[in-house]
Amino acid sequence: MQTLRASKCGLSTTLLSPAILDVIDHLSKAGYDAYIVGGSVRDLILGESPKDFDAVTNATPAQIKQVFGRRCRIIGRRFELAHVHCGRELIEVATFRAPPKKAVTSATGMILRDNNWGTIEQDFARRDFSVNTLYYQPRKGIVLDFCHAYKDMQNRTLRLLGDARQRFEEDPVRMLRTLRFAAKLDFKIEQSIIKIFDAACVAQLREVSPHRLYDESQKMFSMGKLAALLPMLIQFGIWQEMFAEVQPEITSLMQKAARNTDLRIAQGKSINPAFFYAVLLWQPYLERVAFYRAKGVVDAEARSQASIDVLKRQATRTIIPRFSEMFIRETWEMQARLITPKPQHIMQLAGHARFRAGFDFLMLREQSGDEGTQAMGQWWESFQTLNNDAKEKHIAEYQRQYQRSRKKTNEQEVFTPLVVETQVNSRAARRAKQKAETKQARDVVVQHPSVDMAMSSSHPILKRRRVQRDLATVIFGPTQ
């Protein structure tokens, strides 16, 4: 073990949040050892801003609860932890762990329970990557390095502690963390890790809870390096274990969405990880919609049932929470409504709660070359920049185009009779035809014994003509 000066590593208390300092100070005053550990220390040394801070101590979870009282909540069965609330921030506090006296593992070696307390020397050996084993004591200004982690960071190398295959068997999620850290930190993976990344090793992910895999997928989507991570998921065979119905191929839509997500994170904007799930599962959704349409199911019902099927199949790998499922389904449903909106519903759509997500999804489809959008992404983009008067004109212009397209569609759907009568366009020809029909009617003779020759051409009713009357001799009104 070597003790490094915090200032040499670029660390200072000014870079820390008041919440983590409060936790460290309370534990130290209570007589316990407390350190900042994990990814927060790693990110600070690399010059990045950590999203959260984790602490580690020799106090047990019950003792941590005594120190912080109602601000503390103990969670977890497999790894018992303490969550300490400091205002709006949440600090995760763990206890030094020792190797289990009696290993509680699955048939493949995955650790099912790990609540054996130990010393700091035993704790560092239980961690996964060397770059996560730096213990920072901010009040003393020192960093404890047990396994040359600082050197690995300078060499930008990702190294597992101990035997790589055994560490993956203990917790298969470490495979996902390996790729995530390599993409996020731009580190090269040690060769000993790459050698064991085979199909049998990756298949161990099926033993991990789908809820936990969903949490890991959220971290992957929101780390800001998603575009670099996607090819690695395919390269190391992780893709098939994470996404049930998605082909291991990065489409133009996925690539565009990944870059857009990374850009938003770099700009400090918020993202919804469920949005990228909507992108990933878009093609299986379209295939399922086509399946139901081929069976004669109406479009609205086909889209609804297809979304249910796709999300249900994905739940066998990663269980998406109910509210995220609703977000994905509504984003998909908005596509049909935004591409062919009814003129009277345009203003209502623009104020819909899922309009922004649906519009962003539509623009990504259009920018990735999807012709099914019918250029409506640009139409909605320009519509949002107009004032109210200009929006009404924009809607009126769209309504004229909408009515013309509907009229054209209706004309194409008109039933065409099998026998088409020849229409006579000439006026002389119509008169000749009418005269011939009249002559034929006069020459008709009913061939019946009882009324023989009763309706011949010489019958008075056929010879009767309209007599013009002199209206001057007609008396109007009451008569005598």
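None of these values were measured; they are calculated from a predicted model.

Definitions and limits used
- Residues numbered from 1 in each chain as written.
- Predicted model: local features only at pLDDT ≥ 70, side-chain atom pairs only at ≥ 80, totals over all residues.
- Heavy atoms only, no water.
- Axes fitted to C-alpha atoms, helices over the stretch in contact; angles between N-to-C directions.
- Helix = DSSP H or I, 4+ residues; strand = E, 2+ residues; numbered from the N terminus.
- Parallel < 35°, antiparallel > 145°, perpendicular 65-115°, else oblique.
- Left-handed = near helix turned anticlockwise from the far one by under 90°.
- Contact = heavy atoms within 4.5 Å.
- Buried < 20%, exposed > 50% of the residue type's maximum accessible area, 1.4 Å probe, protein only.
- Polar contact = N/O pair within 3.5 Å; in protein donor to acceptor, adjacent residues only side chain to side chain.
- Expected span 1.5 Å × (residues − 1).
- Pairing = 2+ DSSP bridges.
- Salt bridge = Lys/Arg side-chain N within 4 Å of Asp/Glu carboxyl O.

**Q** Hey, could you run me through the packing of helix α15 (residues 282-294) against helix α16 (residues 299-314) in this one?
**A** Two packed helices can be described by the angle between their axes and the distance between those axes. Where α15 contacts α16, the axes come no closer than 8 Å and their chain directions differ by 135°. Classified by the angle between their axes, α15 and α16 sit oblique to one another. α15 and α16 meet at a crossing whose hand is right-handed. Contact residues: P284, Y285, R288, V289, Y292 and R293 in α15; D299, A302, R303, Q305, A306, S307, D309, V310 and R313 in α16.

**Q** How do you make sense of the environment of S192 when you look at a structure like this?
**A** Residue position: S192 is located in helix α8 (residues 191-195). Classification of S192 by relative accessible area gives partly exposed; the value is 39%. Between the alpha carbons of S192 and R165 there is a distance of 9.2 Å; along the sequence they are 27 residues apart. There is a polar contact of 3.2 Å between the side chain of S192 and the side chain of E190.

**Q** How should I be thinking about the side chain of D309 in this particular structure?
**A** Looking at where D309 falls in the secondary structure, it is placed in helix α16. Judged by relative accessible area, which is 11%, D309 ranks as buried. Polar contacts involving the side chain of D309 include one to the side chain of Y292, which spans 2.5 Å. Setting aside residues up to four positions removed in sequence, D309 forms contacts with R288 and Y292.

**Q** Looking at this structure, I do not really get helix α7 (residues 173-185). What am I missing?
**A** Think of an α-helix as turning once every 3.6 residues; residues three or four places apart then point the same way. A rise of 1.5 Å per residue sets the reference length of α7, with its 13 residues, at 18 Å; its end C-alpha atoms lie 18 Å apart and thus fit the reference within 8%. Counting buried positions along α7 yields 13 of 13 residues, so the element is predominantly enclosed. At the C-terminal side of α7, D186 shows a positive phi close to 60°.

**Q** Honestly, unusual backbone geometry in this entry has me stumped. Any pointers?
**A** Most peptide bonds take the trans configuration, and most residues that are not glycine carry a negative phi. In the Ramachandran plot, R156 falls in the positive-phi region, its phi being about 55° despite a non-glycine side chain. Non-glycine residue D186 carries a positive phi angle of around 60°. Residue classification places D186 among the exposed residues on the basis of a relative accessible area of 61%.

**Q** Would you take a moment to explain the sheet that holds strand β6 (residues 89-95) for this structure?
**A** Strands in a sheet are paired, the pairing made by backbone hydrogen bonds, and the direction either parallel or antiparallel. Sheet architecture is open: 8 strands sit in the order β1-β10-β9-β2-β3-β6-β5-β4, paired in mixed fashion. Only two strands of the sheet have a single partner each, and these edge strands are β1 (2-5) and β4 (72-75). In this sheet, adjacent strand axes meet at a mean angle of 30° when their direction is disregarded. Contacts from helix α1 (residues 18-29) reach β2 (34-37), β3 (54-57), β5 (81-86), β6 and β9 (134-137), with the element oriented near 40° to β6. Sheet contacts for helix α3 (residues 61-68): β3, β4, β5 and β6; angle to β4, the most-contacted strand, approximately 165°.

**Q** So what exactly am I meant to see when it comes to the pattern of salt bridges here?
**A** Opposite charge on two side chains allows them to pair when their charged atoms are near. On inspection of all chains with the given rule, the structure shows 21 salt bridges. Note that E170 and R167 form a salt bridge whose closest N and O atoms lie 3.1 Å from each other. With E170 and R167 both in helix α6 (residues 164-170) and 3 residues apart, the pair spans about one turn of that helix. Given the relative accessible area of 16%, E170 is considered buried. In this structure, E216 and R180 form a salt bridge, with 3.5 Å as the shortest nitrogen-oxygen distance. Here E216 is found in helix α10 (residues 210-221), whereas its partner R180 is found in helix α7, with 36 residues between them in sequence. Looking at E216, the relative accessible area reads 5%, which means it is buried. In this structure R180 comes out as buried when scored by relative accessible area, which is 9%. What you see here is one network of salt bridges that share partners, running through R42, D43 and K184.

**Q** Looking at this model, I keep getting lost on helix α17 (residues 322-339). Mind explaining?
**A** Helix length check: α17 (18 residues) gives 27 Å between terminal C-alpha atoms against 26 Å at 1.5 Å per residue, within 8%. All of the buried residues in α17 are S324, E325, F327, I328, T331, W332, M334, Q335, L338 and I339.

**Q** In this structure, what is going on with the pairing of β5? I would like to understand it.
**A** Successive side chains on a regular strand alternate, one facing one side of the sheet and the next facing the other. By the criterion of burial, β5 is predominantly enclosed, with 5 of the 6 residues buried. Pairing of β4 with β5 involves 4 bridges; the strand directions are antiparallel. Pairing of I75 across the sheet is with L81, part of β5. Summarising the sheet, β5 and β6 pair through 5 bridges and their orientation is antiparallel. If you follow H85 over to β6, its bridge partner there is L90.

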